[in-house]
Amino acid sequence: MAELPKAKVAKLAQRFLPPGMKLSTKSAPVMCDLLKEFLQLVAGEAQDIVEKSKGGRILPHHIIAALQNLGFPEYAKAMEEELRRLQEAGKKRPKMKKRKLGDTGLSMEQLEAKQARLFAEAKEAMKN
C-alpha cells in the first residue's frame, strides 16, 4: 500500500487539536500508520459487505455499513450527514449539458479527421 503524505496528515490532525497544542514531528508517522490501518480495516469490511451482496464496487452505503459493523456508529452517522450534504449541494448545482456527436454539425469522417489531426499535433508538441 502506498505511503500517506506525512505533512498532509499532520496538517489535518492539527486542525482537530485544541488551540496552542502542537503535533510533534515524531507523531506524524504514527498518525499515518494509524490512518492507514483504519482505512484498511474499513475498506476490508466494506469489501466483505460488497462481496456478500454480489456487487462489484464499494459505494458510500457500504462504507457506512462497515463503520456500523466495526462499532463506529458515530462515524457512520457523520458520514451519512456528509453524504446528504453533498447530495443536496449536487442538486443545487446546474447540470452540465451532455454534447452528442450529432450536435457538432460534422460528419463522422470529419470528426475522425479532426481527431487524427489533434493527435498528430499533440504528438508533435510532445517531441518538441
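Residues numbered from 1 in each chain as written. Predicted model: local features only at pLDDT ≥ 70, side-chain atom pairs only at ≥ 80, totals over all residues. Heavy atoms only, no water.

## Overview of the overall build of the protein chain
(1) Moving on: On a plain count of helices and strands, the protein chain comes out with five helices and zero strands.
(2) Moving on: When the helices and strands of the protein chain are read in sequence order from the N terminus, they spell out α-α-α-α-α.
(3) Moving on: Computed over C-alpha atoms, the radius of gyration of the protein chain comes to 23 Å, more than 25% over the 14 Å expected from 2.2 N^0.38 for 128 residues, which places it beyond the range of a compact globule.
(4) Moving on: Each of the three principal axes of the protein chain carries a C-alpha extent, and together these read 60 × 45 × 30 Å.
(5) Moving on: Per-residue burial for the protein chain yields a buried fraction of 13% across its 128 residues.
(6) Moving on: Look at the contacts in the protein chain between residues 6 or more apart in sequence, and 30% of them connect residues 24 or more apart.
(7) Moving on: Carbon and sulfur atoms form 60% of the exposed surface of the protein chain, whose accessible area is close to 11,000 Å².
(8) Moving on: Here the protein chain carries 25 positive and 16 negative side-chain charges, and the mean point of each set is 6 Å from the other. (Helix = DSSP H or I, 4+ residues; strand = E, 2+ residues; numbered from the N terminus. Rg over C-alpha atoms; globule rule 2.2 N^0.38 Å. Buried < 20%, exposed > 50% of the residue type's maximum accessible area, 1.4 Å probe, protein only. Contact = heavy atoms within 4.5 Å. Areas by Shrake-Rupley, 256 points an atom, 1.4 Å probe, with all protein chains shown as cover. Lys, Arg positive; Asp, Glu negative; His and termini not counted. Charge placed at Lys NZ, Arg CZ, Asp CG, Glu CD.)

## Thoughts on the pattern of salt bridges
For side chains bearing opposite charge, pairing can occur when the charged atoms are close.
(1) Moving on: Enumeration over the complete set of coordinates arrives at four salt bridges.
(2) Moving on: With a closest N to O distance of 3.1 Å, E121 and R117 form a salt bridge. One end of the pair, E121, and the other, R117, are both in helix α5 (residues 108-127), four residues apart, so they sit about a helical turn from each other.
(3) Moving on: Exposure remark for E121: the relative accessible area of 43% places this residue in the partly exposed category.
(4) Moving on: For R117, a relative accessible area of 43% translates into the label partly exposed. (Salt bridge = Lys/Arg side-chain N within 4 Å of Asp/Glu carboxyl O.)

## Comments concerning the packing of aromatic side chains
(1) Moving on: Inspection of every chain in the model, using the stated rule, returns three aromatic pairs.
(2) Moving on: Between F38 and Y75, the ring centres sit 6.1 Å apart and the planes meet at 80 degrees, which makes this aromatic pair edge-to-face. Remark: Y75 occurs in helix α4 (residues 73-92) and F38 occurs in helix α2 (residues 27-52); sequence separation between them is 37 residues.
(3) Moving on: Looking at F38, the relative accessible area reads 28%, which means it is partly exposed.
(4) Moving on: Within the aromatic cluster, the residues linked to one another by ring pairs are F38, F72 and Y75. (Phe/Tyr/Trp six-rings, centres within 6.5 Å; stacked < 30°, edge-to-face > 60°.)

## Quick look at the packing of helix α3 (residues 60-69) against α4
Packed helices, taken two at a time, are described by the angle their axes make and the gap between the axes.
(1) Moving on: Direction vectors running N to C along α3 and α4 enclose 160 degrees, while the axes themselves pass 7 Å from each other. In terms of axis orientation, α3 runs roughly antiparallel to α4. Crossing geometry of α3 relative to α4 is assigned as left-handed. On α4, the residues that touch P60, I63, I64, L67 and Q68 of α3 are P73, Y75, A76, M79, E80 and L83.
(2) Moving on: Looking at the contact of α3 with α4, its residues break down into nine nonpolar, one polar and one charged. (Axes fitted to C-alpha atoms, helices over the stretch in contact; angles between N-to-C directions. Parallel < 35°, antiparallel > 145°, perpendicular 65-115°, else oblique. Left-handed = near helix turned anticlockwise from the far one by under 90°. Nonpolar A, V, L, I, M, F, W, Y, C, P; charged D, E, K, R; others polar.)

## Overview of the confidence of the model for the protein chain
(1) Moving on: Of the residues in the protein chain, 93% have a pLDDT of 70 or more, and the chain-wide mean is 88.
(2) Moving on: Across the protein chain, element-level confidence peaks in α3 with a mean pLDDT of 96 and bottoms out in helix α1 (residues 6-14) with 88. (pLDDT = per-residue confidence, 0-100.)

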